[in-house]
Amino acid sequence: MPTTPRRRTDEEQEPEEVVRFSLLGPVRAWVADEELPVGPRQQRLVLAALLAGAGRPVSLTELIGLLWEGDPPASAVNAVHRYVGALRRLLEPGLPARSSGRWLVRRAAGYLLHVDAGRLDLLEFRGLVGQARAATADGDLSAAVDLYLKALGLWKGHCAEDLGAVAALHPAFAMVEHEYAPVVGEAATAALGCGRAGSVLLPVRQAADRCPLDESLQASLLLVLAADGKQAEAIMQYHSFRTRLVDELGVEPGAELRAAQERVLRGSPLSRSPESDTSPTVRSQPRAESRRSWIVPAQLPPDLPCFTGREQALAQALRAANRRGEGLRVLAIDGMPGVGKTALAVHFAHRVAAAFPDGQLYADLGGFASAGEPADPGDVLYAFLEALGVDRNQIPASLNARSALFRSVLSGRRVLVVLDNASDADQVRPLLPGTATCMVVVTGRSRLSGLATAHGARLLALDVPSTAEATACFLERVGSTHPDTDPAVVEEIVVRCGRLPLALAVVGARAVSRPEQPLARLAAELTGAQGKLHGFDDDSANDVRGVFSWSYRRLGAEARRIFSLLPLHRTADFTTAALAGLAGVPRDAAATAAGELVRARLLDARGHDLFGAHSLVLAYAAELDRSGEADRAAAQPRLHGHPRHSARFAARLSYVRAAAHPDETLSSGVTVEPLADAAAARAETTGTRAGLRSVTGRPASVLSDASHT
């Protein structure tokens, strides 16, 4: 659609003229009634990302990652600034240079576009959907249908469809697109409940064509066609869709679509619930009353305001959320202490919350906590059921009965359940819903393989972020308190933190609390404390030492003893034979202890019979109070007698790992300085960092994703 000529200057602009934007289709902008030429593709991408943010700040890192696939050029930051400046002048002609203006402003390490429901179709869509759901809850299904139709009418195509493949693949746009299909299904259900199937037939047809393999939409189409008197077409539609599924995917239709087909054949399509054989008048009232008693919980903790990076992990999480099928969607995130599992889970939950309109439940399962035992699943279920509106006098006493009631209450609902800090799969199993319309996100230090085996969970192992992500994380936290930051100083801080998000958070908070002190002084403090954790202390039990201690307390006596000896090793990589020699125990005993340390995430399995430890974990081990100094003294001869402890081997291992995984080598520390032969350790570290600086190209990915069925 051609745009109108450029509008008059800012001096001529009437105060009441309003800027409006469209994201649900091509990216467009208007001032008053005049459409603006929003510029080249890169500039439109920046505008689209800001619009998808819907009034939240979008970090500079996000914008750069969106504009450049792979390594961004050295001029990336300046290029983003230029695009933002061009957009500001487009929205406010005559705006003075370096002025943020009214609409597009700087926030922390990113930008925010001021929009509301009157200026952005996405927010207007969400507002109308919220009103429609409220009308449904009040039993006014006809009013709900009108509101749903008005909301769906705002979609003029796919989200940001003029931007090409990136609009379909990038998480920011994919999540907006994901909001469309569920609303179509809600509109169909409301229309079937009040006898207005014909009014939603066109949008349901369009949605089914737009998402040709979405079985839920196809089921809605069958029921709407039959309710509108087109039973033969509904039957043909089912067989056509079944043929496509078999030919393209090799699978049969799922339970929801088969149930819809059966209702069409029985001539009772007016409800998608099993009790659809009753008349519309008798049926609608109990459903309305049921919705009135339903409480929509919103228990998610606040999202981290300075969340940055983790694009690969978020993309994997979104794929798990978008998975279609009959089974429950479960995403299990594991990783070492302080690596940011909870932050990722909560951020992701806020991103997808709109797709779960019946509520979001959250519980800290206390699997690794500063005090007390892990949470009892029965107590968690009691709290969940009460939050869902179940009278406490009707909540049964036994765990199995509570679990069954929980599944019954969530049947047919779309609820997101976040289970944080799980100790093991057994603690999680009673808390799983029984319906595919729900999703569960679990975090834990141990790898929850049992959930993958029994429930098809998607497993996501979270490692320390890349150097670029860790640097962006620190700068986002520091914000404007230290605007003139030397990149070399920030790099040194990130190195000393081992790229561990918790350490970066503690150090960043300290920098913010000392705006008068240069960051170089903070870097010097961390350098002076190398090999010790007092540089990462704060006033809570959630500092670096604290979260490591929660894992340490779960260890058995032999695993604790071996862990305390790890800093004597000359590298951060260990074999079973090395651990056995270090501790003076048989290899079987060393292997058992290594497995225990891996489950507690104080060691990482890095290959066949090869384990590694983060530099800060080794620093924690070095600080442990040991009553058995004789044990350490006895370990020294064994240490030097083992061929894998020679300086030559350590240097060779460091070089190989630095070349293959530069960021991973840096995060793991490779050498530990505070104990035996510190001068040699410093020399090895210096050599390793020099090698790191010579390595070009992006760091290898440290995210792994395993899916088991």
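Within any chain, residue numbers begin from 1 and follow the written order of that chain's sequence. Totals for whole chains, interfaces and linings use every residue, but because this is a predicted model, local features are given only for residues with pLDDT of at least 70 and side-chain atom pairs only at 80 or more, for both listing and counting. Calculated side-chain values reflect all of the structure's heavy atoms, with hydrogen atoms and water omitted.

Participant: Pulling in residues and values, what's your account of the overall build of the chain?
Facilitator: In DSSP terms, a helix is any run of H or I states spanning at least four residues, a strand is any run of E spanning at least two, and both are numbered starting from the N terminus. Within the chain, the regular secondary structure consists of 32 helices and 15 strands. Taken over 709 residues, the chain has a buried fraction of 53%. As displayed, the chain offers around 30,200 Å² of accessible surface, 54% of which is attributable to carbon and sulfur atoms. Between buried and exposed lies partly exposed: a residue is buried under 20% and exposed over 50% of the maximum accessible area for its type, with that area taken using a 1.4 Å probe on protein chains only. All accessible areas in this document rest on Shrake-Rupley with a 1.4 Å probe, and a residue is counted as covered only by the protein chains that are shown.

Participant: Which residues make up the sheet that holds strand E1 (residues 19–22), and what are the values?
Facilitator: Two orientations exist for strands paired in a sheet by backbone hydrogen bonds: parallel and antiparallel. Only strands that DSSP links by at least two bridges are regarded as paired with each other. Read from one edge of the open sheet, 3 strands run E1-E2-E3, paired in antiparallel fashion. What marks the edges here is a single partner per strand, and that holds for E1 and strand E3 (34–35). Here strand E2 (residues 28–31) pairs with E3 via 2 bridges, running antiparallel. Of the residues in E3, the one forming a bridge with valine 31 is glutamate 34.

Participant: A description of the packing of helix H10 (residues 215–227) against helix H12 (residues 255–266) should follow, citing residues and the corresponding values.
Facilitator: Relative placement of two packed helices is described by the angle separating their axes and the distance separating the axes. Following both chains from N to C, one finds H10 and H12 inclined at 10°, their axes separated by 8 Å at the closest point. Between H10 and H12, the interaxial angle falls into the category roughly parallel. In this structure, H10 contributes Glu215, Ser216, Gln218, Ala219, Leu222, Leu223 and Ala226 to the contact, and H12 contributes Glu256, Leu257, Ala260, Gln261, Arg263 and Val264. The residue inventory of the contact of H10 with H12, partitioned by class, reads 7 nonpolar, 3 polar and 3 charged. Lines fitted to the C-alpha atoms define the axes, with helices restricted to the stretch that makes contact. Angles between their N-to-C directions range from 0 to 180 degrees. Orientation categories follow fixed angle ranges, with anything under 35 degrees roughly parallel, anything over 145 roughly antiparallel, 65 to 115 roughly perpendicular, and all other angles oblique. We call two residues in contact when some of their heavy atoms are within 4.5 Å. Residues are grouped as follows: nonpolar covers Ala, Val, Leu, Ile, Met, Phe, Trp, Tyr, Cys and Pro; charged covers Asp, Glu, Lys and Arg; every other residue, Gly included, is treated as polar.

Participant: Just give me the short version of helix H4 (residues 121–137), but keep the residues and values in it.
Facilitator: A helix is expected to span 1.5 Å multiplied by its residue count minus one. Counted at 1.5 Å a residue, the expected span for H4 with its 17 residues is 24 Å, and the 24 Å between its end C-alpha atoms agrees. Listed in full, the buried residues belonging to H4 are Asp121, Leu122, Leu123, Phe125, Leu128, Val129, Ala132, Ala135, Thr136 and Ala137. Two residues or fewer past H4, glycine 139 is found with a positive phi of approximately 85°.

Participant: Summarise the packing of helix H1 (residues 41–52) against helix H3 (residues 76–91); cite the residues concerned and give the values.
Facilitator: Look at H1 against H3: their axes get within 10 Å of each other, and the N-to-C directions meet at 80°. By the angle between their directions, the pair H1 and H3 is classed as roughly perpendicular. In this structure, H1 uses Gln42, Gln43, Val46 and Leu47 to contact H3, whose residues at the interface are Tyr83, Val84, Ala86 and Leu87. When its residues are assigned to classes, the contact of H1 with H3 shows 6 nonpolar, 2 polar and no charged.

Participant: Lay out the packing of aromatic side chains with the relevant residues and their values.
Facilitator: Only rings of Phe, Tyr and Trp enter the pairing, Trp through its six-membered ring, and a pair is recorded when the two centres are within 6.5 Å. The plane angle decides the type: under 30 degrees is stacked, over 60 is edge-to-face, the rest tilted. Going through the model one piece at a time under the given rule, you end up with 3 aromatic pairs. For the pair phenylalanine 384 and phenylalanine 406, a centre-to-centre distance of 5.7 Å together with 25° between the ring planes defines the contact as stacked. Of the two residues, phenylalanine 384 is situated in helix H16 (residues 377–387) and phenylalanine 406 in helix H17 (residues 399–410); the sequence distance between them amounts to 22 residues. The structure contains a cluster of three or more aromatic residues connected by ring pairs, namely Phe125, Trp155 and Tyr180. We call a charge positioned over a ring when the NZ of a Lys or the CZ of an Arg lies within 6 Å of the ring centre and within 35 degrees of the ring normal. A cation over a ring is seen here: arginine 106 above tyrosine 111, with NZ or CZ 5.2 Å from the ring centre. One residue, arginine 210, lies across the ring of tyrosine 180, its end atom 3.9 Å from the ring centre.

Participant: Can you break down the pattern of salt bridges residue by residue, with the values?
Facilitator: In the sections that follow, a salt bridge refers to a side-chain nitrogen of Lys or Arg positioned within 4 Å of a carboxyl oxygen of Asp or Glu. As enumerated under the stated definition, the model contains 16 salt bridges in all. Arginine 242 is the salt-bridge partner of glutamate 252, the closest N and O atoms lying 2.8 Å from each other. A residue pair is termed long-range when its members are at least 10 positions apart, and glutamate 252 in the loop between helix H11 (231–249) and H12 and arginine 242 in helix H11 qualify at 10 residues. Given the relative accessible area of 33%, arginine 242 is considered partly exposed. A salt bridge links arginine 561 to glutamate 558; the nearest nitrogen and oxygen atoms lie 2.9 Å apart. You can see arginine 561 and its partner glutamate 558 sitting in helix H25 (residues 557–565), 3 residues apart, about one turn around the helix. Overall, the relative accessible area of 22% leaves arginine 561 in the partly exposed class. A cluster of three or more residues bridged by salt bridges with shared partners is formed by Arg133, Glu186 and Arg414.

Participant: Before we move on, can you summarise the sheet that holds strand E4 (residues 58–59) with the specific residues and values?
Facilitator: Ordered by their spatial adjacency, 3 strands build an open sheet running E4-E6-E5, and the pairing between neighbours is antiparallel. Bordering the open sheet on either side are E4 and strand E5 (104–107), each of which pairs with just one other strand. Pairing of E5 with strand E6 (residues 110–113) involves 4 bridges; the strand directions are antiparallel. Note that in E6 the partner of arginine 107 across the bridge is glycine 110. Most of the contacts of H1 go to E6, to which it runs at about 70°, and overall it touches E4, E5 and E6.

Participant: Please provide a residue-by-residue account of a nonpolar patch on the surface, values included.
Facilitator: Each patch groups residues whose relative accessible area exceeds 30% and which form no salt bridge, using 9 Å between like charges and 5 Å between nonpolar side chains of Val, Leu, Ile, Met, Phe, Trp and Tyr. A surface patch of nonpolar side chains, amounting to about 230 Å² of accessible area, comprises Leu213, Leu249 and Val251. Relative to the helices and strands, leucine 213 resides in the loop between helix H9 (197–210) and H10. Residue class for leucine 213 comes out partly exposed when judged on its relative accessible area of 34%.

Participant: Describe the pairing of E2, and please don't skip the residues or the numbers.
Facilitator: Examined bridge by bridge, E1 and E2 share 4 bridges and lie antiparallel to one another. Bridged to arginine 20 within E2 is tryptophan 30. Counting the residues between successive antiparallel strands, the hairpin from E1 to E2 contains 5 residues, one of them, glycine 25, with a positive phi of roughly 135°. Counting the residues in the hairpin turn of E2 and E3 gives 2 residues, including alanine 32, whose phi is positive at 55°.

Participant: Which residues make up the environment of leucine 519, and what values do they have?
Facilitator: For leucine 519, the location among the structural elements is in helix H23 (residues 519–528). On a C-alpha basis, the gap between leucine 519 and valine 478 in space is 9.9 Å, while along the polypeptide they are 41 residues apart.

Participant: Describe the nonpolar core, naming the residues involved and giving the relevant values.
Facilitator: Among the nonpolar cores identified, the biggest contains 92 residues, and Phe21, Leu23 and Leu113 are the most heavily contacted of them. Residues Val464, Val490, Leu579 and Ala613 belong to the second largest nonpolar core, which totals 84 residues. Nonpolar cores are built from buried Ala, Val, Leu, Ile, Met, Phe, Trp, Tyr and Cys residues. Side-chain atoms within 4.5 Å join them into one set.

Participant: Describe the pairing of strand E11 (residues 458–462), with residues and values.
Facilitator: Of all 5 residues that make up E11, 5 are buried, and the element is covered over most of its length. Judged by which residues are buried, E11 turns out to be covered on both faces: Arg458, Leu460 and Leu462 on one side and Leu459 and Ala461 on the other are all buried.

Participant: Explain the environment of valine 251 residue by residue, including any values.
Facilitator: Position of valine 251 relative to the elements: it lies in the loop between H11 and H12. What valine 251 contacts, discounting residues up to four positions off in sequence, is Leu245 and Val246.

Participant: Run through helix H5 (residues 141–152), naming residues and quoting values.
Facilitator: Taking 1.5 Å of rise per residue, the 12 residues of H5 would be expected to cover 16 Å, and the 16 Å separating its terminal C-alpha atoms lies within 8% of that figure. The complete set of buried residues in H5 reads Leu141, Ala144, Val145, Leu147, Tyr148, Ala151 and Leu152. With its buried residues spanning 170° around the axis, H5 presents them on a single face. For H5, the secondary structure elements touched by its buried residues are H4, helix H8 (180–193) and H9. Directions from the helix axis toward the C-beta atoms define the arc.

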